[in-house]
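# Structural overview
Okay, here's what each chain looks like letter by letter:
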Amino acid sequence: MSDRTPPPYSPTQPKARVRIPYLKELKAQGRKWAMLTAYDMYTAAIFEEAGIPVLLVGDSASNNVYGNESTLTVTVDELIPLVRAVAKATHRPLVIADLPFGSYQASPEQCFHTAVRFMKEAGAHAVKLEGGIEMLPQVRKLATSGIPVMAHIGFTPQYEHQLGGYRIQGRGDEAQRLIDAALALEAAGAFALLIEMVPGDVAAAISRAVSIPTVGIGAGNQCDAQVLVWQDMAGLRTGRLPRFVKRYADMRAVLAAAARDFAADVEAGAFPGQEHTF
C-alpha cells in the first residue's frame with residue numbers, strides 16, 4: 001500500500017479523504033467497496049461513520065427528495081445545495097455529483113461549465129454523467145480539464161424514453177457494444193464506470209476489460225463496487241422494489257413508530273414532561 005493510500009476505514013483511525021488513486025489500487029488488489037447515495041448532511045455523516053468510501057449525490061434526488069416521477073425534471077440549481085450539504089458534512093468520502101438531464105448533452109463546453117459549478121459552488125470532488133460512445137467528447141473535455149468523471153453505461157435513466165422504459169441492457173449482440181463503450185470511456189479519461197441493469201456475465205466481462213473500477217447496480221457481483229439508493233437500502237421507500245435491491249433495514253417502520261409515539265404523548269399530555277421544561 002502506497003504512502004498516499006488511506007488505510008482501510010476504522011472509526012478509531014484519523015480520517016483522510018478517499019482519492020481516485022486509492023479506488024484504483026483497491027481494484028488492483030481485488031478489494032471491493034460500497035457506494036451509497038446521499039442527499040443531506042445527516043445521512044452523509046452516518047454513512048461516513050459506517051465506512052462508506054464514496055457518496056453519490058444522484059439525480060435520483062428527483063424521485064427521492066423532490067417527489068418527481070423520474071430523474072428527468074431535477075435541475076442543476078436543485079442539486080447544488082444537496083451536494084454542498086453532503087460535501088460539507090463529511091471529511092473522508094469521495095463525493096460525486098450527478099450531472100442532471102440537459103446540463104451536459106449539448107456540447108463538451110456545456111458539460112464543462114456545469115461540472116465546474118458543482119466543483120466550485122458545491123464542493124464536489126467528481127461528477128457523473130450518463131451515456132456511451134456519444135459522450136466521449138464530454139468525458140475527454142472534463143478529464144483534460146482536471147475534473148474527475150465517472151461514466152454511466154447500461155441502463156441510463158435519463159434515456160428511459162428512448163430505451164423504452166426500465167429495460168435490461170447489454171443482452172445478445174449489445175454486449176460487445178457495451179464492452180467497446182467501456183474501453184472507449186476509459187481511454188477518454190473516465191476514472192470509473194457505473195454499470196446499471198446489465199447481465200452479470202456482461203458486467204463481469206467489462207470489469208475484466210478495463211483497468212478502472214466498475215460500480216454495479218443490477219449488474220451482478222463481479223463489479224469492483226456496488227451502489228444502491230440509500231432509501232431503497234434502508235427500507236424507507238414503499239412499493240415494489242427493483243430486483244437488484246436488498247433491503248437492509250425497515251427505517252419506514254421505525255420512523256412511523258416514532259411519529260406515532262410522539263403524537264400519542266402530545267395528545268395525552270405526556271410530552272413535554274418536566275425534564276423537557278425550562
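For clarity, every value in this text was computed on a predicted model and none was experimentally measured.

## Notes on the packing of aromatic side chains
- The full count for this structure, using the stated rule, is 2 aromatic pairs.
- Between F47 and W230, the ring centres sit 6.1 Å apart and the planes meet at 65 degrees, which makes this aromatic pair edge-to-face. Here F47, found in helix α2 (residues 41-49), pairs with W230, found in helix α10 (residues 230-233); they are 183 residues apart in sequence, far enough to count as distant.
- Ring centres of F262 and F271 lie 5.9 Å apart, and the angle between their planes is 70 degrees; on these two criteria the pair is classed as edge-to-face.
- Over the aromatic face of F112 sits the side chain of K141, whose NZ or CZ is 5.2 Å from the ring centroid.

## Remarks on the domain arrangement of the chain
- Segmenting the chain into domains produces domain 1 (20-247) and domain 2 (250-277).
- Distance from the C-alpha centre of domain 1 to the C-alpha centre of domain 2: 38 Å.
- Counting each side, the surface lost to burial between domain 1 and domain 2 is near 380 Å², with a carbon and sulfur contribution of 63%.
- Per-residue buried area on domain 1 facing domain 2 is highest for A234, L236 and T238; these three make up 72% of the total on that side.
- In this assembly, domain 1 and domain 2 are joined by 0 salt bridges.
- Counting every contact that joins domain 1 to domain 2 gives 2 residue pairs in polar contact (both at pLDDT 80 or more).
- Split by residue class, the side of domain 1 that touches domain 2 holds 2 nonpolar, 2 polar and no charged.

## Overview of the pattern of salt bridges
- Tallied over the entire structure, the rule returns 6 salt bridges.
- Of the charged contacts in the structure, one is a salt bridge between D224 and K27, with a shortest N-O distance of 2.7 Å. In this pair, D224 sits in the loop between β7 (214-217) and β8 (225-228) while K27 sits in helix α1 (residues 20-29), placing the two residues 197 residues apart along the sequence. Judged on exposure class, the residue D224 and its partner K27 are both buried.
- The closest approach of N and O atoms between D77 and R117, which form a salt bridge, is 3.0 Å. With D77 in helix α4 (residues 76-89) and R117 in helix α5 (residues 108-122), the pair connects residues that are 40 residues apart, well separated along the chain.

## What to know about the sheet that holds strand β4 (residues 126-130)
- The strand order around the closed barrel built from 8 strands is β1-β2-β3-β4-β5-β6-β7-β8, with neighbouring strands paired in parallel fashion. The sheet shows a mean angle of 25 degrees between the axes of neighbouring strands, direction not considered.
- Across the sheet, α4 touches β2 (54-57) and β3 (94-98), and the angle it forms with β3 is around 175 degrees.
- Taken strand by strand, helix α8 (residues 174-188) contacts β5 (149-154) and β6 (192-196), and its axis lies near 175 degrees from that of β5.

About the cut-offs
Residues numbered from 1 in each chain as written. Predicted model: local features only at pLDDT ≥ 70, side-chain atom pairs only at ≥ 80, totals over all residues. Heavy atoms only, no water. Phe/Tyr/Trp six-rings, centres within 6.5 Å; stacked < 30°, edge-to-face > 60°. Helix = DSSP H or I, 4+ residues; strand = E, 2+ residues; numbered from the N terminus. Lys NZ or Arg CZ within 6 Å of the ring centre and 35° of its normal. Domains from an automatic or database assignment. Buried area = accessible area lost by both parts, 1.4 Å probe. Salt bridge = Lys/Arg side-chain N within 4 Å of Asp/Glu carboxyl O. Polar contact = N/O pair within 3.5 Å; in protein donor to acceptor, adjacent residues only side chain to side chain. Nonpolar A, V, L, I, M, F, W, Y, C, P; charged D, E, K, R; others polar. Buried < 20%, exposed > 50% of the residue type's maximum accessible area, 1.4 Å probe, protein only. Pairing = 2+ DSSP bridges. Axes fitted to C-alpha atoms, helices over the stretch in contact; angles between N-to-C directions. Contact = heavy atoms within 4.5 Å.

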